[in-house]
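Listed below, chain by chain, are the residues.
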Amino acid sequence: ITVGNLTNGYITVGLAYWRPGSETITSVKWDSTGANTSMSVIASHGATSDQVAIYGLAVGTVSAGTYTISIDTSAAGLEMVAGADSWNQVHQTTSVGTEVDAGQTTSTTPSVTLTSSSTDFGFAVFESFSQVTITPADNSSFSAVSGPTDGAGAWQSGTNMTINWTISNSQP
């Protein structure tokens, strides 16, 4: 991940993945100094095979540069799409609010609505195992395809925000 100078910085990693068996994400790590600091799970949801997760870490002051994020899994076989974002001026001990799970849908316009204040930012992840074309939300963090898995992440700020995407068909 490439970041600008961060003061009271925070890093988020969004994962959209499909698992053919019981494979899991075992860790997500941020490496700014060679220490491989484990990131915390903010949210993790999904049906049997289709999964999304968001990891986060308060990083304090970080100089501008390119840093490594590593994702470890319990076994080979995951089809994964991932993206990372950096945030500036984030409260370092109460960085994360209440998570929201929008659930599974067959809609061509999946979305999630967050209850928030005017100074909040929201981050969301979408996954589809159906070879769809995803039109990202306005503030796209990532949107990609890995094998059969399509995934996207996006952010938004403000009061009671809705993050949404448009997809090419109604496969869940």
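Residues numbered from 1 in each chain as written. Predicted model: local features only at pLDDT ≥ 70, side-chain atom pairs only at ≥ 80, totals over all residues. Heavy atoms only, no water.

Undergrad: Just give me the short version of the pattern of salt bridges, but keep the residues and values in it.
TA: Taken as a whole and judged by the stated rule, the model has one salt bridge. Across the pair Lys29 and Asp72 runs a salt bridge whose closest N-O atoms are separated by 3.9 Å. With Lys29 in strand 3 (residues 25-31) and Asp72 in strand 8 (residues 68-73), this residue pair connects regions lying 43 residues apart in the sequence. Residue classification places Lys29 among the partly exposed residues on the basis of a relative accessible area of 24%. (Salt bridge = Lys/Arg side-chain N within 4 Å of Asp/Glu carboxyl O. Helix = DSSP H or I, 4+ residues; strand = E, 2+ residues; numbered from the N terminus. Buried < 20%, exposed > 50% of the residue type's maximum accessible area, 1.4 Å probe, protein only.)

Undergrad: I'd love a proper account of the environment of Leu57, names of residues and values included.
TA: Note that Leu57 resides in strand 6 (residues 50-62). On the basis of relative accessibility, which here comes to 13%, the residue Leu57 falls in the buried class. Sequence separation of Leu57 and Lys29 is 28 residues, and the distance between their C-alpha atoms is 9.1 Å. Beyond its immediate sequence surroundings of up to four residues, Leu57 is in contact with Gly9, Tyr10, Ile11, Trp30, Thr37, Ser38 and Met39. (Contact = heavy atoms within 4.5 Å.)

Undergrad: Provide a residue-level description of the nonpolar core, including the pertinent values.
TA: Counting residues in each nonpolar core, the largest one holds 17 residues, and the members touching the most others are Leu15, Trp30, Met39 and Tyr55. Once you skip the residues sitting within four places of it in the chain, Trp30 turns out to touch Ile1, Ile11, Asn36, Thr37, Met39, Leu57, Val59, Val62, Tyr67, Thr68 and Ile69. (Core = buried A, V, L, I, M, F, W, Y, C linked by side-chain atoms within 4.5 Å.)

Undergrad: With reference to specific residues and values, describe the environment of Trp155.
TA: Along the polypeptide, Trp155 turns up in strand 14 (residues 149-157). Considering only alpha carbons, one finds Trp155 and Asn139, 16 residues apart in sequence, at a separation of 5.5 Å. Dropping the residues within four chain positions of it, Trp155 is found in contact with Trp87, Phe121, Gly122, Phe123, Asn139 and Ile163.

Undergrad: Explain the sheet that holds strand 6 residue by residue, including any values.
TA: If you walk across this open sheet you meet the four strands as 5-6-2-9, and the pairing is antiparallel. At either margin of the open sheet sits one strand with a lone partner, and together these are strand 5 (40-46) and strand 9 (79-87). Neighbouring strand axes in the sheet, compared pairwise and without regard to direction, differ in orientation by 15° on average. The pairing of strand 5 with strand 6 spans six bridges and is antiparallel. In the strand pairing of strand 6, His45 is matched with Val52. (Pairing = 2+ DSSP bridges. Axes fitted to C-alpha atoms, helices over the stretch in contact; angles between N-to-C directions.)

Undergrad: Give a detailed account of the sheet that holds strand 8, specifying residues and quantitative values.
TA: Strand order in this open sheet of three strands is 4-3-8, and the pairing throughout is antiparallel. Edge positions in the sheet fall to strand 4 (37-38) and strand 8, since each of these pairs with one other strand and no more. Two strands pair when backbone bridges link them, and strand 3 and strand 8 are joined in this way by six bridges, in the antiparallel orientation. Its bridge partner lying in strand 8, Ser27 is registered against Asp72.

Remember that the coordinates give geometry; whether it matters functionally is a separate question.
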